[in-house]
Amino acid sequence: MKDTKFKFSRKEQKKLEECDLRGCQTCGRILNLKYNFRFMKKRGTWRSPCSYCDYVIATNDWNKKKGLSNTPQSYEEWFPKYLNKRRTREFFDKIGLTAKERRAYNNVMFHYNITPEETHELLKGDKVCAISGRPLNIMSRGTDEELHVDHCHQTGKIRGLLYGRFNIGLGCFEDNPDLLRAAADYIERIRGETTS
Ligand SMILES: [Zn+2]
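Residues numbered from 1 in each chain as written. Predicted model: local features only at pLDDT ≥ 70, side-chain atom pairs only at ≥ 80, totals over all residues.

A.B. asks: Just checking my understanding: could you explain the overall build of the chain for this structure?
C.D. replies: Along the backbone of the chain there are nine helices and eight strands. When each of the 196 residues of the chain is scored for burial, the buried share is 12%. Partitioning the contacts of the chain with sequence separation of at least 6, the portion at a separation of at least 24 is 32%. (Helix = DSSP H or I, 4+ residues; strand = E, 2+ residues; numbered from the N terminus. Buried ≥ 20, exposed ≤ 12 C-beta atoms within 10 Å, placed from the backbone. Contact = placed C-beta atoms within 7 Å.)

Next comes the structure, spelled out in structure tokens:
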């Protein structure tokens, strides 16, 4: 199916690209070329939806595949609380975040559609894993102490902070308490057999 309602013509895009900008064909916003659009190496062109719209499209596809009801229609619907960038920046300045911490906060804020204040409430102070009680660090991306924000896949609601691998583990067990209990029983059973 060919999309006939392009928001920006090729000529307009070329002019924008000269200033490192590009118009999103899906939401119609003009955004930074390098930060907000993905380059497709195979085709040698930039993707026509911005990365936010791409995210919405991917989420919708995923939800459709999984039969979930949670379907964002647009960038605005998915990120309504994030839209006031100036207010966010002022809040970050007030609580004195470093650039790296800002990135971590932004990731969480974007992903879970919560306000900067809610993010601060979630990430401030000493954090421990809700399952193991191990200490977590928001700057620990890619390490063993990686902090994950655990969320319910049906409702999108945040459940708590978890040690990264345990969060992945919950997903592997389909978030199913019965399966998780059965797994614990299984390990105890095997242990009992091998030690006795
Ligand atoms: Zn867009």
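A.B. asks: In this structure, what is going on with the packing of helix α6 (residues 99–112) against helix α7 (residues 116–123)? I would like to understand it.
C.D. replies: Two packed helices can be described by the angle between their axes and the distance between those axes. Running from N to C, α6 and α7 point in directions that differ by 115°, and their axes come no closer than 10 Å. Helix-helix and strand crossings are classified by hand; for α6 and α7 the assignment is right-handed. In this structure, α6 contributes Tyr105, Val108 and Met109 to the contact, and α7 contributes Pro116, Thr119, Leu122 and Leu123. (Axes fitted to C-alpha atoms, helices over the stretch in contact; angles between N-to-C directions. Left-handed = near helix turned anticlockwise from the far one by under 90°.)

A.B. asks: Is there a simple way to think about the environment of isoleucine 158 in this case?
C.D. replies: Inspection of the secondary structure puts isoleucine 158 in strand β8 (residues 158–163). When the C-alpha atoms of isoleucine 158 and tyrosine 112 are compared, they prove to be 7.5 Å apart, with 46 residues separating the residues in sequence. If sequence neighbours within four positions are ignored, isoleucine 158 has contacts with Tyr112, Val149 and His151.

A.B. asks: Looking at this structure, I do not really get the packing of helix α5 (residues 85–95) against α7. What am I missing?
C.D. replies: Where α5 meets α7, the closest approach of the two axes is 10 Å, and the angle between their N-to-C directions is 35°. Between α5 and α7, the residues in contact are Thr88, Phe91, Phe92 and Ile95 and Pro116, Glu117 and His120, respectively. Of the residues in the contact of α5 with α7, the class split is four nonpolar, two polar and one charged. (Nonpolar A, V, L, I, M, F, W, Y, C, P; charged D, E, K, R; others polar.)

A.B. asks: Sorry if this is basic, but what is going on with the nonpolar core here?
C.D. replies: Within soluble globular proteins, side chains that are nonpolar tend to cluster in buried spots. Residues Cys129, Leu136, Ile138, Leu147, Leu161, Leu162 and Tyr163 constitute the largest nonpolar core, which totals seven residues. Non-local contacts of leucine 147, meaning those with residues more than four positions away in its chain, are made with Lys127, Leu136, Asn137, Ile138, Ser140, Leu161 and Gly164. In this structure, Cys24, Cys50, Tyr52 and Val56 belong to the second largest nonpolar core, which totals six residues. (Core = buried A, V, L, I, M, F, W, Y, C linked by C-beta atoms within 7 Å.)

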